[in-house]
Amino acid sequence: MTRRGLLGAAPLAAVAGAGISGYEAGGQTCAPVTAAVNIFPDDPRYQELTVGYNQRWVGTPDYVRLVSSTDQVVRAVQEAVDRGKRLSVVSGGHCLAPFVFNSEVDVVIDLSGLGGVSFDPRRQAFAVEGGARLSAVYETLFKKWGVTLPGGMCPTVGIGGHATGGGYGFLSRQFGAVIDHLEAVEIVVVDRSGTARAVVAGRNPADPHHDLWWASAGGGGGNFGIVTRFWFRTPGTSGADPGRLLVKPPKDVLLSAVGIPWSALDEAKFTRLVTNWGRWYEQHAAPTSPARVLSGIASLAHRSAQNVFLLTQVDATAPGAQQLLGDYLGALTEGLGVDAVVAAQPAQKLPWLHAVRLIAASIPSFINPTLRGASKSAYLRTGYTQAQAAAMYRALTRTDFANPAGAVTLAGFSGGAVNAVPANRTALVHRGAAFWTLFETQWQDPAADAANIGWLRELYGSVWSATGGYPAPNAQADGCYINNPDPDITDPAFNRSGVPWQTLYYKDNYPRLQRIKAAYDPRDVFRHAQSIALP
């Protein structure tokens, strides 16, 4: 299983807002701990700091600015603006598109020095700095206070891009998206005069910067400013006890892994598996569904991988959890025959944090510094048709392409509590989906670029051939996920749907995002190839 397939990626780790240091937060002054550092091309660190997870995209900036406070971010942005330098920002570095690292960027602001996780008694919320990575966020929140965020499971994803794009994981059907727990953000913005400043934007509609909070809750990275700090608190909670202010993960979970060998799957059985999957999630997408305590993925890797996998997590403390898991697996494999499921193991009952670590350990690709990749996404309201599943089968069994990292991953992270929030409550608009899908491939040799990119384009285009090559919002599909940015989505040679890429990502929320862009980034300082455009 690949990292991207398991976890839903996050783009450009932290370019949607930023915060303040040197102002009073929770009664404590956020003062710089160390001086900012410039890394120039002759520094041995430069090469490491100018390329992210995807080795296809390498930057050539004048320098990389390593920061450790919001004051330093403000100064770094001001210097870039004063000198007319194009800037970008990174914390996790998991963007598969060239939003951060490209030849047009002069200055990269690296937030890896902003990784703190703490409790702010003044705001009665948990403060997570924009450069924190998910592994540190989960470990600190749980070990210190027994709480968590319902985010993705890849340990090296940065909270900045993950949260600003929405943020999903195995707990999202039960507790919602990450941004459903967003209380406030700190954002470094640039006004019309060219002055950089820090703004705090809150969830309360009476907050003068509430619109900026709204845009940061699902509007995607790289649009409005630089996020240096998030505050998280679950809506409806209050009080001085931190352990009651954010969701608590299950004490234990049931973790199930089922392998199905390709040798047991012909086109009819593969199609049955895909349609079974979609039907189950379609039937259990309601916010009140008792099955919202279960979430899973189906990693449908190319036939050269030998198996496809079903990975499922269930809240073991929920009534009838074992029966729910059994019924779920039975529904997904119904009609495949008793010989199909040969690699099934009994579900393990594990403490929640143990399960988080175990899943993370099964994602080896994040430690591979030579990977190249491409991905596309789709939200689904209803399951795939037989024709669409057959198109997947043809691509995944091609004999002229044999990359086991090429995969279609069905991700049951939407629906349930995610759909309890109205589509206009935050910028994350896809509130009616039952699940989403990641189409991806990864490779190492640059000589294999054309073969892998071409295979992915053909796979995706054939699945969505009836709607012009992309999942145009309709009764079945609901557009694309901004945290899986796709360079092809803006190209009419591939996106023949007639639906603009802005609509695929944001639907009816896009005009409001443009107005907020004009209010907080009128000079278009924070931009990339698919950023929110000024109206």
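Residues numbered from 1 in each chain as written. Predicted model: local features only at pLDDT ≥ 70, side-chain atom pairs only at ≥ 80, totals over all residues. Heavy atoms only, no water.

Draft legend 1. Local environment of the side chain of His-430. Counting through the fold element by element, His-430 comes out in the loop between β17 (407–411) and β18 (435–443). Here Asp-478 takes part through its backbone oxygen, which lies 2.7 Å from a polar atom of the side chain of His-430. A distance of 3.2 Å separates a polar atom in the side chain of His-430 from the backbone oxygen of Cys-480. (Helix = DSSP H or I, 4+ residues; strand = E, 2+ residues; numbered from the N terminus. Polar contact = N/O pair within 3.5 Å; in protein donor to acceptor, adjacent residues only side chain to side chain.)

Draft legend 2. Geometry of the UniProt feature "domain: FAD-binding PCMH-type" (unreviewed entry) in the protein. The positions that UniProt labels "domain: FAD-binding PCMH-type" (unreviewed entry) are, in the present scheme, residues 56–237. End C-alpha atoms of residues 56–237 are separated by 44 Å, and the span's content is 23% helix alongside 24% strand. (UniProt positions renumbered as here; feature names shortened; annotations may be inferred.)

Draft legend 3. Spatial organisation of the sheet that holds strand β8 (residues 125–129). Read across the open sheet, the five strands follow the order β7-β8-β11-β9-β10; overall the sheet is antiparallel. This sheet does not close on itself; its edge strands, each paired only once, are β7 (117–120) and β10 (196–202). Going across the sheet, the axis of each strand differs from the next one's by a mean of 20°, ignoring polarity. Bridge count between strand β9 (residues 182–190) and strand β11 (residues 226–232): six bridges; the pairing is antiparallel. Note that in β11 the partner of Ile-187 across the bridge is Val-227. (Pairing = 2+ DSSP bridges. Axes fitted to C-alpha atoms, helices over the stretch in contact; angles between N-to-C directions.)

Draft legend 4. Representation of the packing of helix α11 (residues 386–396) against helix α12 (residues 449–463). Direction vectors running N to C along α11 and α12 enclose 165°, while the axes themselves pass 8 Å from each other. Considering the angle they form, α11 stands roughly antiparallel to α12. In terms of crossing hand, the pair formed by α11 and α12 is right-handed. Two secondary-structure elements touch here, α11 through Gln-388, Ala-391, Met-392, Ala-395 and Leu-396 and α12 through Trp-455, Leu-459, Ser-462 and Val-463. Counted by class, the contact of α11 with α12 contains seven nonpolar, two polar and no charged residues. (Parallel < 35°, antiparallel > 145°, perpendicular 65-115°, else oblique. Left-handed = near helix turned anticlockwise from the far one by under 90°. Contact = heavy atoms within 4.5 Å. Nonpolar A, V, L, I, M, F, W, Y, C, P; charged D, E, K, R; others polar.)

Draft legend 5. View of the pattern of salt bridges. Applying the stated criterion to the full structure yields 25 salt bridges. Residues Glu-104 and Arg-86 are paired through a salt bridge, measuring 3.1 Å at the closest nitrogen-oxygen approach. Of the two residues, Glu-104 is situated in the loop between β5 (87–90) and β6 (107–110) and Arg-86 in the loop between α3 (70–82) and β5; the sequence distance between them amounts to 18 residues. What emerges from the salt-bridge pattern is a single network uniting Lys-376, Arg-457, Asp-486 and Asp-488. (Salt bridge = Lys/Arg side-chain N within 4 Å of Asp/Glu carboxyl O.)

Draft legend 6. Seen up close, α12. For α12, which comprises 15 residues, the first-to-last C-alpha distance of 21 Å matches the rise-based estimate of 21 Å (1.5 Å per residue) to within 8%. Listing the buried residues of α12 in full gives Asp-449, Asn-452, Ile-453, Trp-455, Leu-456, Leu-459, Tyr-460, Gly-461 and Val-463. The inward-facing, buried residues of α12 contact β16 (372–380), α11, β17 and β18. (Expected span 1.5 Å × (residues − 1). Buried < 20%, exposed > 50% of the residue type's maximum accessible area, 1.4 Å probe, protein only.)

Draft legend 7. The arrangement of the environment of Ala-427 in detail. As for its position among the elements, Ala-427 is in the loop between β17 and β18. Of the residues examined, Ala-427 reaches a relative accessible area of 1% and is grouped as buried. On a C-alpha basis, the gap between Ala-427 and Ala-215 in space is 5.4 Å, while along the polypeptide they are 212 residues apart. Leaving out residues up to four positions away in the same chain, Ala-427 has contacts with Trp-214, Ala-215, Ala-217, Gly-218, Gly-219, Asn-509 and Leu-513.

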